[in-house]
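Residue strings, one per chain:
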Amino acid sequence: MTSKKKFVGISVAAATLVSPVAAMAAEPGDVALADQNMTPVSSSVQGGNVSSADGSADTSAQDDVSAASSVQAPQTLDEAQQRADSANAAFAEAQKQEADARAAAEAASKAQTQAQQQASDAAASQQAAQQALNDAEAKIKQATANLPQAQDSVKSTQAAQQAAQQQADAASSAQQAAATAQTEAAEQADNANAQLQQAQAAQKSAQQQADAANQQLEQATANAVDANDPAKTASAQQQLADGTNEKAQAESAAQSAQQSAKTAQTKADDAQSAATTAQQQAESAAQTVKTLESQAGTSQSASDNLKQAQQVQQEAAAKLAAAQQASTEAAKNAAQAKAAKTAADQAAAAAKADADAKKVAADESSKKLQQGALAYFTDKGQSYAAQVLTDTTENPYASATQIGNADDATSFDNMITALNYIKEGNKLRQSDDQFPGRNALTVSDTLMAIGMTNANYASVKRGHTKLYNAGENLSYGYDDPFIGWYTEEKKSYIDKDGQETGHYLNIVHSDYETTGFGHSGYTAHWENDPYTYSPLDAQEFCSSSDVLYKRGDFTKEYSLGRVMSVDDYLKDVQQYRAMLEQAPAAYQTALATYQSKQKDAVAAANALDSANAKAAAAASDVTSAQADKTAADKKVAQAQATAHAGESADSQLQQKLTQARADYAAKQTAATSAAAAAATAKADSEAAQQQYAKALQAVKAAQDKIDAANATLAAYQTAKQQLATARQKADAADAVLRQANEKSAQAKRAADAAAEPLSEANATLADANKRLADAQSALKQAQDAYQAAQQKLASLKGIVDSADATLANARKAVQDAQSSKKAADQRVQETQDALKAAQEQLKTAEEQSGNAAAQKAIADLWLNQFKAAQAAADAAREAAQKQAEAAKQSNTPARHAAASASTAASSATGKAQPSNGELAHTGADMTASLLALAAFAGAGAVLSVAKKTGKHQDRW
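Below is a summary of the structure that appears in this document. (Residues numbered from 1 in each chain as written. Predicted model: local features only at pLDDT ≥ 70, side-chain atom pairs only at ≥ 80, totals over all residues. Heavy atoms only, no water.)

## Observations concerning the overall build of the protein
Quick note on the threshold: For helices the rule is a DSSP run of H or I covering at least 4 residues; for strands it is a run of E covering at least 2, with both sets numbered from the N terminus onward. Burial status follows relative accessibility: with a 1.4 Å probe on protein chains alone, a residue under 20% of its type maximum counts as buried, one over 50% as exposed, and anything between as partly exposed. Contacts were defined at the residue level, with two residues in contact if any of their heavy atoms lie within 4.5 Å. Here the open area of atoms and residues is found with the Shrake-Rupley method and a 1.4 Å probe, where only the protein chains shown may cover a residue.
Helix and strand counts for the protein stand at 13 helices and 10 strands. Buried positions account for 35% of the 956 residues belonging to the protein. In the protein, the share of contacts with a sequence separation of at least 24, taken over all contacts with a separation of at least 6, comes to 85%. Within the structure as shown, the protein displays about 53100 Å² of accessible surface, and the carbon and sulfur contribution to it stands at 50%.

## As for the environment of K368
Cut-off, in case you're wondering: Contacts described as polar in this section are N or O atom pairs within 3.5 Å, which, within protein, must combine one atom able to donate a hydrogen with one able to accept it, while residues neighboring in sequence count only if both atoms come from side chains.
Inspection of the secondary structure puts K368 in helix 4 (residues 298-371). Among the residues examined, K368 registers a relative accessible area of 17% and is labelled buried. A sequence separation of 11 residues divides K368 from D379, and the C-alpha atoms of the two residues are 9.7 Å apart. Of note is the side chain of K368, whose polar atom sits 2.8 Å from the side chain of D379.

## Points about the pattern of salt bridges
Operational definition: Whenever a carboxyl oxygen of Asp or Glu lies within 4 Å of a side-chain nitrogen of Lys or Arg, that contact is scored as a salt bridge.
This model, assessed by the stated rule, comprises 30 salt bridges. Across the pair K491 and D495 runs a salt bridge, and its minimum N-O distance is 2.8 Å. Taken together, the residues span about one helical turn, with K491 and D495 both in helix 9 (residues 481-495) at a distance of four residues. In this structure, D825 and K821 form a salt bridge, with 3.1 Å as the shortest nitrogen-oxygen distance. Of the two residues, D825 and K821 both sit in helix 11 (residues 566-888), four residues apart, roughly one turn of that helix. D825 gets classed as partly exposed once you look at its relative accessible area, which sits at 36%. Taking relative accessible area as the criterion, K821 reaches 26% and is therefore assigned partly exposed. Taken together, the shared-partner salt bridges in this structure form one network comprising K380, D445, R562 and D572.

## Here's the deal with the packing of aromatic side chains
Convention followed: Stacked, tilted and edge-to-face pairs are distinguished by plane angle, under 30 degrees for stacked and over 60 for edge-to-face with tilted covering the rest, among Phe, Tyr and Trp rings (Trp via its six-membered ring) whose centres lie within 6.5 Å. In this analysis the charged atom, NZ for Lys or CZ for Arg, is taken to sit over a ring once it is within 6 Å of the ring centre and within 35 degrees of the ring normal.
Scanning the entire structure with this criterion turns up 20 aromatic pairs. Every member of this aromatic cluster is reached through a ring pair, and the members are Y376, F377, F412, Y569 and Y576. The cationic tip of K496 hangs over the ring face of Y493; the distance from NZ or CZ to the ring centre is 5.4 Å.

## A short note on the nonpolar core
Our working definition: Here, the term nonpolar core denotes a set of buried Ala, Val, Leu, Ile, Met, Phe, Trp, Tyr and Cys residues that are joined through side-chain atoms within 4.5 Å.
Among the nonpolar cores identified, the biggest contains 51 residues, and F377, M415, L419, M448 and Y569 are the most heavily contacted of them. Broken down by element, this core gets its largest block of residues, seven residues, from helix 7 (residues 412-431). Among residues more than four places away in sequence, those in contact with L419 are V443, M448, V566, Y569, L570 and V573.

## Description of the pairing of strand 8 (residues 553-558)
Where we set the bar: For two strands to count as paired, DSSP must find a minimum of two bridges between them.
Summarising the sheet, strand 7 (residues 548-550) and strand 8 pair through two bridges and their orientation is antiparallel. The residue of strand 8 that forms the bridge with L548 is Y558. Here strand 7 folds back onto strand 8 in antiparallel fashion, the turn holding two residues, of which G552 has a positive phi close to 90°.

## Topic: the packing of helix 6 (residues 383-390) against helix 8 (residues 445-457)
As a reminder of what qualifies: Fitted lines through C-alpha atoms serve as axes, helices being fitted only where they are in contact, and the angles separating the N-to-C directions of these axes extend from 0 to 180 degrees. Orientation is classified from the angle alone, with under 35 degrees giving roughly parallel, over 145 giving roughly antiparallel, 65 to 115 giving roughly perpendicular, and any other angle giving oblique. Three categories are distinguished: nonpolar for Ala, Val, Leu, Ile, Met, Phe, Trp, Tyr, Cys and Pro, charged for Asp, Glu, Lys and Arg, and polar for the others, with Gly belonging to the last.
It is the contact of helix 6 with helix 8, at a shortest axis distance of 8 Å, that shows an interaxial angle of 5°. As judged from the angle between their axes, helix 6 and helix 8 are roughly parallel. Residues Y384, A385, V388 and L389 of helix 6 pack against D445, T446, A449, I450, M452 and T453 of helix 8. Taken together, the residues that form the contact of helix 6 with helix 8 break down as seven nonpolar, two polar and one charged.

## Looking at the packing of helix 7 against helix 9
Counted only if it meets this: What makes a crossing left-handed is the near helix being turned counterclockwise from the far one by less than a right angle; a clockwise turn instead makes it right-handed.
Contact geometry for helix 7 and helix 9: axes closest at 11 Å, N-to-C directions at 15°. Between helix 7 and helix 9, the angle is such that the two are roughly parallel. Seen along the crossing, helix 7 lies across helix 9 with a hand that is right-handed. Seen from helix 7, the contacting residues are Y421, E424, G425 and L428; seen from helix 9, they are P481, F482 and Y486.

## Here we look at helix 6
Along helix 6, the residues classified as buried are Y384, A385, A386, V388 and L389. The elements touched by buried residues of helix 6 are helix 5 (373-379), helix 8, strand 7 and strand 8.

## Thoughts on the environment of V800
When you line up the elements, V800 lands in helix 11. C-alpha of V800 to C-alpha of A143: the two residues are 657 residues apart in sequence and 5.9 Å apart in space. Not counting chain neighbours up to four residues away, the residues in contact with V800 comprise I140, A143 and T144.

## Observations regarding the pairing of strand 6 (residues 536-542)
Moving residue by residue along a regular strand, the side chains alternate between the two faces of the sheet. Across the seven residues of strand 6, seven count as buried, placing the element largely inside the fold. Where burial is concerned, the two faces of strand 6 agree: the one with L536, A538, E540 and C542 and the one with D537, Q539 and F541 are both buried. In this structure, strand 4 (residues 471-476) lies alongside strand 6, joined through six bridges in antiparallel fashion. Residue pairing for strand 6: N473 is matched across the bridge by Q539. Here strand 5 (residues 514-520) runs beside strand 6; their pairing, made up of seven bridges, is antiparallel. Looking at strand 6, one finds that G518 is bridged to A538.

## Details of helix 7
Worth spelling out the cut-off: In this scheme, a helix's expected span is set at 1.5 Å multiplied by one less than its residue total.
If you check helix 7, its first and last C-alpha atoms are 29 Å apart, about what 20 residues at 1.5 Å a residue would give, namely 28 Å. For helix 7, the complete set of buried residues consists of F412, N414, M415, I416, A418, L419, Y421, I422, G425, N426 and R429.

## So, the environment of S744
Mapped onto the fold, S744 is located in helix 11. Considered as a pair, S744 and K204 are 540 residues apart in the sequence and their alpha carbons are 9.6 Å apart. There is a polar contact of 2.9 Å between the side chain of S744 and the side chain of Q203.

Without other data, these values stay purely geometric and don't point to any function.
What follows is the structure, given as structure tokens:
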């Protein structure tokens with residue numbers, strides 16, 4: 001059986017707390033399950049009075065106690081059970097009636113408040129409607145007063161508009177007449193100007209022709225002056241005769257100079273041919289000398305060639321050594337580059353593998369962060385702990401666990417909160433002064449999973465799941481469960497007040513070594529319980545040496561999983577969570593590292609290619625240098641043989657060379673003499689050519705003189721003819737100019753005559769335009785004023801019309817508001833009456849509920865006493881029977897003991913019925929309990945049960 005107790009509190013002016021009903025102890029052998037009211041919820045007192053904390057009650061309460069004490073106590077357990085059932089039914093009905101009455105009172109209160117608000121709103125609406133009515137009347141009055149003035153303004157503006165329109169029409173007519181006159185005058189002036197321009201153009205053309213004719217006459221006269229002079233004519237004829245004689249002489253001299261030039265050119269050609277032959281002979285001799293000198297220097301050349309070949313050989317040897325050294329160095333660099341590439345490739349591959357792994361971790365991190373404990377257990381290899389959370393065939397209570405819900409005990413936040421609670425419990429356990437020397441509890445993966453599912457399941461059903469053979473503390477609604485589990489229960493343990501201490505004893509139990517904890521943020525709202533509870537906590541207890549079983553099945557053992565200190569466990573969870581939270585950033589870092597390593601690998605590959613190319617080039621250079629060295633060695637050998645052979649032939653060639661040099665000197669002298677003679681002949685030929693050219697120039701000068709004389713005589717004749725013609729043209733041009741001047745003067749007079757009426761017409765038109773503009777401006781002002789007056793008049797009419805409508809609406813609103821206020825006042829009176837009646841009903845229902853509660857409590861007390869007495873009697877009877885059975889097997893003294901035991905059993909059976917005024921088995925004073933209940937019921941208080949409760953469970 002389970003023992004239950006409830007704390008009941010009353011809140012009154014004196015803050016009196018009514019003592020709780022004494023609780024029954026749990027029967028031996030049962031699992032101790034205790035409802036625990038850690039923080040009582042106070043209820044308000046509607047009427048009556050409870051005295052101060054000394055426990056005395058007023059006269060009314062004493063009378064209720066007397067009445068309750070005078071009731072005949074039940075004589076049997078069945079009678080007590082019937083009275084208790086009847087009292088429970090009456091109490092339930094009274095509570096229902098009280099609840100109905102309270103709901104009716106609250107509804108009436110709300111209706112009364114609403115009615116008062118409606119009445120207040122109606123009064124405000126009436127006042128607002130009246131103000132609107134007053135405002136509308138004032139607007140109509142003001143608009144009506146302004147209306148005649150606006151109408152007069154419209155009329156006066158309309159008259160001004162008509163006058164301005166007449167002025168504008170007159171000005172427009174005058175402007176049109178002036179424009180017509182201006183057009184006619186302009187046409188006449190244009191015609192006159194056109195004729196003037198034509199005449200002036202003709203005058204200008206005639207003047208130009210006359211000027212040109214006079215210029216021609218002047219030129220012809222000037223030209224004819226020489227032609228009419230006999231001396232100049234005779235001079236020109238003499239120049240013609242002189243030029244003819246000079247030409248004949250010059251032609252004869254030119255023929256003689258031409259013959260001399262031909263003779264000199266022939267001599268020059270012969271001398272040049274002799275010089276060319278001599279030069280060729282000298283050059284042939286020079287070539288012979290050169291050939292012999294070349295042959296004579298063979299031994300020296302061979303010696304020089306040998307030295308040059310030996311120098312080339314040394315250089316080739318040096319290049320070969322350098323190439324071999326460079327090739328060795330290049331091969332070494334290529335080997336190092338290959339090793340560097342291999343290392344870079346390996347580093348890139350490792351970085352890629354790391355990045356790939358971290359990408360998978362980053363992709364899964366968000367999901368695992370939502371999975372919380374499930375992901376943690378899975379990744380830590382705790383498959384059974386993960387199975388406890390998810391497999392309802394293995395753990396049917398996992399159905400209440402919602403992986404991914406932030407309120408679920410499996411979330412990381414709630415898991416870390418649970419581990420911090422374990423740390424808090426360990427501090428209390430290790431510092432406890434009643435049970436000193438306790439060790440800190442370690443943490444088990446499996447017990448953590450069990451605690452999580454049990455904490456979640458507490459939101460579905462109250463009580464322990466009893467699935468595994470582990471101790472368990474449950475808490476409902478405590479912000480810190482250890483306040484109830486430890487602080488308050490430890491006080492009860494020390495005070496030995498008979499209250500629940502199972503949670504406290506579980507915390508300090510010496511056999512317990514490992515634990516698990518579940519902290520759920522769900523809200524429990526159990527059936528037939530009006531309250532809600534949140535958060536929900538469950539702590540599991542087990543010895544590390546224990547084997548974990550499921551209750552009722554000892555065939556299968558379950559591992560506790562990893563077991564570690566709470567600090568290590570909390571650190572591991574936090575590190576795991578941080579790893580998941582940092583996984584995306586870790587992947588980006590790993591990706592950047594891989595990309596960097598990949599670039600290094602590419603650079604290493606490029607470096608290897610470059611090193612290989614350099615090594616190949618160096619090897620090729622070695623091959624080339626070796627070939628050059630071999631060729632140089634061969635040339636040195638050939639040069640040595642050539643130098644030895646050339647030394648014997650050198651003496652014979654020296655004699656031939658001496659003779660050839662002497663022949664070359666003689667021929668070179670002859671060539672020089674021939675060249676000098678050729679130069680002299682060439683100079684003579686050039687001089688003869690120049691004399692011939694001068695003779696030809698003299699012939700040409702004489703012919704030019706003849707031509708000039710002939711031209712002068714011809715020009716004289718032409719000038720005489722041109723003078724006569726120019727005189728005729730000048731006379732004709734003068735006649736035309738005189739006519740053109742006369743026409744131009746006539747056209748000028750006509751144009752001047754036409755300009756005067758045009759000027760007058762322009763002035764008339766300008767004046768007409770100004771008068772028209774003034775009239776149009778005045779007309780526009782009048783139109784604008786008229787439109788403004790019309791708008792003002794329309795506005796005033798609109799104000800009047802709007803004010804009329806507003807006035808009608810305001811009058812109707814006043815009437816409606818008056819009607820609404822009257823109805824609201826009536827509603828207030830009705831709701832006040834209804835509220836008063838509801839309050840009277842509530843008061844009666846509360847009194848009935850209090851009485852029913854007292855009767856229920858008394859009936860429960862009697863029933864509990866009967867049950868306790870019956871249990872005590874059964875225990876005593878069983879003990880006496882055992883003693884009697886034992887006595888039958890003994891001697892006479894034992895039979896006396898059996899008789900005594902039988903007597904004791906009968907005595908116990910007789911005491912099984914509780915006596916009036918005392919609670920059997922517990923020793924609690926019946927009168928004091930009835931006094932408390934009567935005082936409580938008489939005060940009209942409402943019983944309430946605390947929302948914060950707890951349960952504990954021992955091991956098997």
